[in-house]
Amino acid sequence: MARFLVCPPDHFGIRYEINPWMRVSNAVDKAESQAQWRALARVLEQDAGAKLERMTPVPGLPDLVFTANAGVVHDGTAVISRFRHPERRREEEHFAQWFKEHGYRVILLDEECYFEGAGDLLGFPDAWFGGYRQRSDIKAHRVLSEVYGKEILPLELVTSRFYHLDTCFCPLGNGELLYYPPAFDAYAQAAIADRVDERQRIVVSHAEAARFACNAVCVERHVVLPSGCPETMAMLEDRGYTSHPLDLDQFLKSGGSAKCLTLALD
Ligand code: ARG
């Protein structure tokens, strides 16, 4: 059974601006954000059959809801994120604490080695990809490779709007990949093309990438994605996926959507 770490949005809001989507003046509607988050939890639990582990929200940490940035978890070992922006650094201890309390081996990175967890590290069982430059440092990949015994293919993110790998790149089941090529430099685009067969690559349009179509959660044949992405849904359905569109606009105000709100465990 797929398991995800999530954190209810009790203290979610736009209190600072650390990516181009965030505007402090663009206030979050609290009731709406709670309803949208609950709808996401319901689809994951009831339609996709996943198990959710809920963290306790912490006052003063509005971005703790984005558990994809807690760290990366594999084989019982969690490498905790080290945030580039000081605004998010206080989250690190809460994520580390959660993993310790739940029996994971916890590894912390050097202070100067930025890495934002599963927001910037995604892959297939046999190929891991690491986004870098906007938030995570490429030097974190060496540490992660050693810890997990996996090769990590570095992918340079070149636009500030697609600042985490999971905003523009989503590995699906069966080796298929949903992604938005212009978010990557030419070398990364070539590396992706080299690793993922053309028939397996699903290219998202500019308009739907900007709706965060790639910020999707895939559980077996279920794909949960933001609403307003009809072309992406049609491409997924063509390949036999069941798509579950959800209005997550309150979270887009912070530069996040379905995938950012979850962290795959195990
Ligand atoms: N406001 C958050 C930030 O800028 C959003 C994080 C979204 N997370 C993600 N995995 N893309 O850090």
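This section reports on the structure supplied with the text. (Residues numbered from 1 in each chain as written. Predicted model: local features only at pLDDT ≥ 70, side-chain atom pairs only at ≥ 80, totals over all residues. Heavy atoms only, no water.)

Here we take up the environment of glycine 131. As for its placement among the helices and strands, glycine 131 is situated in strand E7 (residues 127-132). Between the alpha carbons of glycine 131 and leucine 153 there is a distance of 8.6 Å; along the sequence they are 22 residues apart. The contact partners of glycine 131, leaving out residues within four places of it in the chain, are Asp120, Ser136, His141, Leu155, Leu157 and Leu165. (Helix = DSSP H or I, 4+ residues; strand = E, 2+ residues; numbered from the N terminus. Contact = heavy atoms within 4.5 Å.)

This next bit is on the site of the ligand. Not every one of the 17 residues close to the ligand is listed here, only the nearest: Asn19, Arg88, Arg135, Asp166 and Ser254. At 3.0 Å from a nitrogen atom of the ligand is found a side-chain nitrogen or oxygen belonging to aspartate 63. Considering the ligand on its own, with 350 Å² of exposed area, one finds that the protein chains cover 100% of that surface. For the shell around the ligand, the per-class residue count stands at six nonpolar, seven polar and four charged. (Near = heavy atom within 4 Å. Polar contact = N/O pair within 3.5 Å; in protein donor to acceptor, adjacent residues only side chain to side chain. Areas by Shrake-Rupley, 256 points an atom, 1.4 Å probe, with all protein chains shown as cover. Nonpolar A, V, L, I, M, F, W, Y, C, P; charged D, E, K, R; others polar.)

If you walk across this open sheet you meet the three strands as E2-E1-E15, and the pairing is mixed. With one partner strand each, in any of the chains shown, strand E2 (51-54) and strand E15 (263-264) form the two edges of the open sheet. Looking at chain direction, strand E1 (residues 3-6) and E2 are connected through four bridges and run parallel. Bridge pairing in E2 links leucine 5 to glutamate 53. Strands in contact with helix H1 (residues 30-47) are E1 and E2; relative to E2, the strand with the most contacts, it is inclined by about 140°. (Pairing = 2+ DSSP bridges. Axes fitted to C-alpha atoms, helices over the stretch in contact; angles between N-to-C directions.)

With that settled, consider the sheet that holds strand E13 (residues 222-226). Pairing is mixed in the open sheet, where three strands are placed in the order E12-E13-E14. Bordering the open sheet on either side are strand E12 (217-219) and strand E14 (242-246), each of which pairs with just one other strand. Neighbour to neighbour, the strand axes of the sheet diverge by 20° on average, direction disregarded. Strands E12, E13 and E14 of the sheet are contacted by H1, whose axis makes an angle of about 160° with E14.

All right, on to the packing of aromatic side chains then. Enumeration over the complete set of coordinates arrives at 12 aromatic pairs. On the numbers, 5.9 Å between centres and 85° between planes, the contact of phenylalanine 12 with phenylalanine 66 is edge-to-face. Remark: phenylalanine 66 occurs in the loop between E2 and strand E3 (71-74) and phenylalanine 12 occurs in the loop between E1 and H1; sequence separation between them is 54 residues. Here phenylalanine 12 matches phenylalanine 66 in class, with each residue buried. Where phenylalanine 169 meets phenylalanine 184, the ring centres are 6.0 Å apart and the plane angle is 65°; that geometry is what we call edge-to-face. Here phenylalanine 184 lies in the loop between strand E10 (177-179) and helix H5 (186-195) and phenylalanine 169 lies in strand E9 (residues 169-171), a separation of 15 residues in the sequence. Accessibility assignment for this pair places phenylalanine 169 and phenylalanine 184 in one class, buried. Three or more aromatic residues joined by ring pairs form one cluster here, namely Trp21, Phe162, Tyr180 and Phe212. Its guanidinium or amino end placed over the ring of tyrosine 241, arginine 221 lies 4.0 Å from that ring's centre, counting from NZ or CZ. (Phe/Tyr/Trp six-rings, centres within 6.5 Å; stacked < 30°, edge-to-face > 60°. Buried < 20%, exposed > 50% of the residue type's maximum accessible area, 1.4 Å probe, protein only. Lys NZ or Arg CZ within 6 Å of the ring centre and 35° of its normal.)

What follows deals with the pattern of salt bridges. This structure, assessed with the given rule, holds 16 salt bridges. With a shortest N-O distance of 2.6 Å, glutamate 156 and arginine 133 are connected by a salt bridge. Here the residue glutamate 156 occupies a position in strand E8 (residues 152-156), and arginine 133 occupies one in the loop between E7 and helix H4 (140-148), the gap between them amounting to 23 residues. Among the residues examined, arginine 133 registers a relative accessible area of 46% and is labelled partly exposed. One salt-bridge network, in which partners are shared between bridges, spans Arg3, Lys51 and Glu53. (Salt bridge = Lys/Arg side-chain N within 4 Å of Asp/Glu carboxyl O.)

Right, let's get into the state of the cysteines. Disulfides are covalent bonds that link the sulfur atoms of two cysteine residues. According to the stated counting rule, one finds zero disulfides in the structure shown. Here cysteine 168 stays free of any disulfide, with the sulfur of cysteine 214 as its closest cysteine sulfur at 6.6 Å. Not part of a disulfide, cysteine 229 finds its nearest cysteine sulfur in cysteine 214, a span of 8.6 Å. Judged by its relative accessible area of 1%, cysteine 229 is buried. (Disulfide = S-S within 2.5 Å.)

So, on to the nonpolar core. Ranked by size, the top nonpolar core spans 38 residues in total, and within it Phe129, Leu155, Leu165, Phe169, Leu172, Phe184 and Ile192 carry the most contacts. When residues no more than four places from it in sequence are discounted, the contact partners of isoleucine 192 are Leu155, Phe169, Leu177, Tyr179, Phe184 and Arg201. If you look at the next biggest cluster of nonpolar residues, it comprises 28 residues, including Phe4, Ala39, Ala48 and Leu261. (Core = buried A, V, L, I, M, F, W, Y, C linked by side-chain atoms within 4.5 Å.)

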